[in-house]
Structure formats: C-alpha cells, structure tokens
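Below are the chains, spelled out letter by letter.
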Amino acid sequence: TDLFPLYSPHFKETYFNYNILSGTTTIPANEFKDDDYLLTITIADSVTSIGDSAFSGTTNLKSCTTTSTSQLASIGTSCFQECFNLTSLTIPSVTSLSGYFVDKCYKLTSLDLPTNAGFTTIPDYSFYNSGLTSVTIPDTVSSIGDYAFSGDAPPNNFQYVFIEKYYLYLELSEIEIWDVYGN
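Below you will find a few notes about this structure. (Residues numbered from 1 in each chain as written. Predicted model: local features only at pLDDT ≥ 70, side-chain atom pairs only at ≥ 80, totals over all residues. Heavy atoms only, no water.)

1. Description of the pattern of salt bridges
The criterion, for reference: The working definition used for a salt bridge is a side-chain nitrogen of Lys or Arg within 4 Å of a carboxyl oxygen of Asp or Glu. Strands are runs of DSSP state E lasting at least two residues, helices are runs of H or I lasting at least four, and both sets are numbered from the N terminus onward. Partly exposed residues are those whose accessible area sits between 20% and 50% of the maximum for their type, while under 20% is buried and over 50% is exposed, using a 1.4 Å probe and protein chains only.
Per the counting criterion, the structure on display carries two salt bridges. Across the salt bridge formed by Lys104 and Glu82, the nearest N and O atoms sit 3.9 Å from each other. Of this pair, Lys104 sits in the loop between strand E7 (88-89) and strand E8 (110-111) while Glu82 is found in the loop between strand E6 (74-75) and E7, placing the two residues 22 residues apart along the sequence. A residue is classified by how much of its surface remains accessible, and Lys104, at 25% relative accessible area, is partly exposed. On the basis of relative accessible area, Glu82 is assigned to the partly exposed category, the value being 30%.

Structure (structure tokens):
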C-alpha cells in the first residue's frame, strides 16, 4: 500500500501547496476529490499512476507538476474534471490518458502532450469541455478518439482547438462544427 500524508481537516481554512512523497507509486481514485483547499500539487517521480477522479472538483487547483524524469504512465478518467482554475499541467511521460481528463478546466488553454513512443492514442472525450485553444499532436499519436477536443466550453458554447501538427492520414469527406444547441 502506498502511504503519503493527506491534508488534515483541522486546517480547512488554509490553502495548500502539496508534494507527493518520493516512493509513492499510486495516487488512488478520488484521493483529493472536491478538496477546495489544494492550490498546487507536485507529483514525485516515483508515481506511475493516478486513479479516476483523483483531483476532480479541486476548484482552486492551479497547477499540477511532474518532472522530465517522471515515471507517471497512466491517468484515470475525470482525473482533473472541474478544476476550474487549473492553468498549468505537465505530463511528459504519460502513455495512457482516459476520457474527460480535463473536463471543465476552462483556464487550461494549452498543454504539451507527451512525445514518448508509448503515447499513441488520444481517447474519446479526453479533452472534452476543456479550455484548450492550441495543441500540438506528437508524431507518435496514431489515433484520436471521438469528441476528443469537443465540448461546450464558455464563453461562446464552442470549443475551438487549433491542431498544429498531425500526420495521420484520414479519409474525411467533411468536418462538422456544432454549437451546444445542434446548430
């Protein structure tokens, strides 16, 4: 079992910058869910996975950082969902993302996707409803899932994403852009 100190309910009026301890390998599902007092998180290089909804609803979270030597390989479904103030996220070693990864992270306007050989798929709904306006797709990506970059992000009920680099050959007859009302 991985053990690392959790915030104390006795300090609920204090905002925290949190460091996951070296030696921790997993951040369990729902571990920091709905923690409004978490401002920043630094993930130790030893962490290999983050569970579903681990940081979901941490509305004041501004950044989540890993290093270039991070061993983080997988991030669960809805991990950062509704982190409304998230502006900075680094995930250099990740090989597996899940759906709704940054759903409703409206202030996250850019993100460097992993460029390692293991990162080959952007799953369905992975960046749904995010604030992304620009993303560079690494050459390693061979598949982009349904609605991966769509949503109804405010303020205009559209999510515009400029994809800078993508070499996968697609046989497209049309591209559709819809608003949240189906127009």
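2. Quick look at the state of the cysteines
Here, the word disulfide means a covalent bond between the sulfur atoms of two cysteines. Where we set the bar: Two cysteine sulfurs form what is called a disulfide whenever their separation falls within 2.5 Å.
Applying the stated criterion across every chain yields a total of zero disulfides. With no disulfide partner, Cys64 has as its closest neighbouring cysteine sulfur the one in Cys79, 7.3 Å distant. Residue class for Cys64 comes out buried when judged on its relative accessible area of 2%.

3. Considering the nonpolar core
Note the cut-off: Residues grouped as a nonpolar core are buried Ala, Val, Leu, Ile, Met, Phe, Trp, Tyr and Cys residues, joined through side-chain atoms within 4.5 Å. Every residue pair with non-hydrogen atoms within 4.5 Å of one another is taken to be in contact.
In terms of nonpolar packing, the biggest core is built from 38 residues, with Ile41, Ile50, Phe55, Phe80, Leu89, Phe101 and Phe127 touching the most fellow members. Those residues in contact with Phe55, other than ones at most four positions away along the chain, are Ile27, Phe32, Leu38, Ile41, Ile50, Leu61, Cys79, Phe80, Gln81 and Cys83.

So, to be careful, I would describe these as geometric facts and stop short of saying anything about function.
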